[in-house]
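Per-entry structural report
What follows is each chain in one-letter form.
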Amino acid sequence: MKRIFIVSLVAFLSLGVVSCKKDKSEDANGIPSDLGTFAEGIYKPTNKIVSVKEGSTNVQTWSWGSSKLSSITDLTNNLTYSFNYSGDMIGSVIINGSDQTQKIIYTYGGSLLTKVEIINGTRTDVTMNVTHNANDQISSVDLLLSNDYLVSLAKSMLGMKSALQHVVGANAAEAIVETAKLISVAKINNSKYSISNKTFSINYVWDGNNLIRETLTGNVSATASLVDVADAFNMGSISSIINLIGGDEEFPLSCTVNRTTNYTYDNKHNPLYCCWAQGISADNLSVNNLISAVSTGAAEASITITVPESIPMVGGMTYPFNRNIDLGGNTNYTYTYNKKDLPDTYTVDGKTYTYTYSN
């Protein structure tokens, strides 16, 4: 009897020892506490990126304060991102380039992002209104772009484009830029053109703590003169009619964009999680690292010419013309990892980049 009691007591004590063992603490998103503190607007990693190299060449250098990111120097594009904070939350980013300076302003409602603005001098180029789902994850973004900013995007001005990528990510930015090119093809060399309406929105779908689908939709309405769009819309077949109408006659021009990008991930820790230096997009809203990004969709522009009734023989006839840009694409990523399951290297588009960390 005594022997049975002793064995039972040993078993009980062993169980007690096991049950008192504490697992490594994790935050609400499953991030181990020893990796740092992360939330919307808060990026305080324990393992801080200090450089990104392509081969042996530095392409980025990261500077830190005691716990927060101070600046990133993009050596490839000659841009510097300087970070300002309100408490632990990022309040603004100043983007300095060789020919311009822009400011990104982040506005919060409590702990969640509600608005992002791109400021260029005294002009607000982009305003983004942000909403969340029941899990406090970003679910949609409505964008308002100024007319002048659309022209700048159409001209592919480097600084302008990089700022848009900063706040919506590369995939969404690419689709908006291509839309701007379509809608402004008529007056690409002019400082302004006539836009009557424009809307862009991005919707997000989540699987756990990873963003798995991003859908950008947009509509722009403008006017275009025939002399400007004749080549772009391949109107050679009615060139004689255009001469009769008059090249300066303007007609409604419309453009729509719809692009969906689906993402997959590994099961390792993402060093860019909550770091908004590279844009509010899948690669830093998600706790794991991107494995693939597959996009489908198109930007389409159309103009319908109605010949004035006053022109003999062809008066009242209509001629529809369309242009289309395919926005499909497929990008794959591969990684090597260190002992903390953070990427040491990542390879994309045939190029391999190396992270250097400090504690």
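So, here's what we can say about the structure. (Residues numbered from 1 in each chain as written. Predicted model: local features only at pLDDT ≥ 70, side-chain atom pairs only at ≥ 80, totals over all residues. Heavy atoms only, no water.)

**Considerations on the packing of aromatic side chains**
Tallied over the entire structure, the rule returns nine aromatic pairs. Consider the rings of Tyr346 and Tyr353, whose centres lie 5.1 Å apart with planes at 20°: the pair is stacked. Here Tyr346 matches Tyr353 in class, with each residue buried. A ring pair is formed by Tyr355 and Tyr357, whose centres lie 5.9 Å apart and whose planes are at 45°; its orientation type is tilted. For the pair Tyr355 and Tyr357, one class covers both residues: buried. An aromatic cluster of three or more residues is present, and its members are Phe38, Tyr43, Trp62, Trp64 and Tyr273. In this arrangement the basic side chain of Lys68 is found over the ring face of Tyr85, its NZ or CZ atom lying 5.5 Å from the centre. The ring of Tyr337 has Lys268 sitting right over it, with the charged end atom 5.6 Å from the ring centre. (Phe/Tyr/Trp six-rings, centres within 6.5 Å; stacked < 30°, edge-to-face > 60°. Buried < 20%, exposed > 50% of the residue type's maximum accessible area, 1.4 Å probe, protein only. Lys NZ or Arg CZ within 6 Å of the ring centre and 35° of its normal.)

**Here's the deal with the pattern of salt bridges**
On inspection of all chains with the given rule, the structure shows four salt bridges. Between Lys68 and Asp88 there is a salt bridge, with its nearest N and O atoms 3.8 Å apart. With Lys68 in the loop between β4 (57–64) and β5 (69–74) and Asp88 in the loop between β6 (79–86) and β7 (89–96), this pair connects stretches of sequence that are 20 residues apart. Overall, the relative accessible area of 22% leaves Lys68 in the partly exposed class. Among the ionic pairs, Lys268 bridges to Asp341, the shortest N-O distance being 3.7 Å. Here Asp341 lies in the loop between β17 (329–337) and β18 (343–348) and Lys268 lies in the loop between β14 (250–265) and α7 (282–285), a separation of 73 residues in the sequence. Put simply, Lys44, Lys68 and Asp88 are held in one network by salt bridges that share partners. (Salt bridge = Lys/Arg side-chain N within 4 Å of Asp/Glu carboxyl O. Helix = DSSP H or I, 4+ residues; strand = E, 2+ residues; numbered from the N terminus.)

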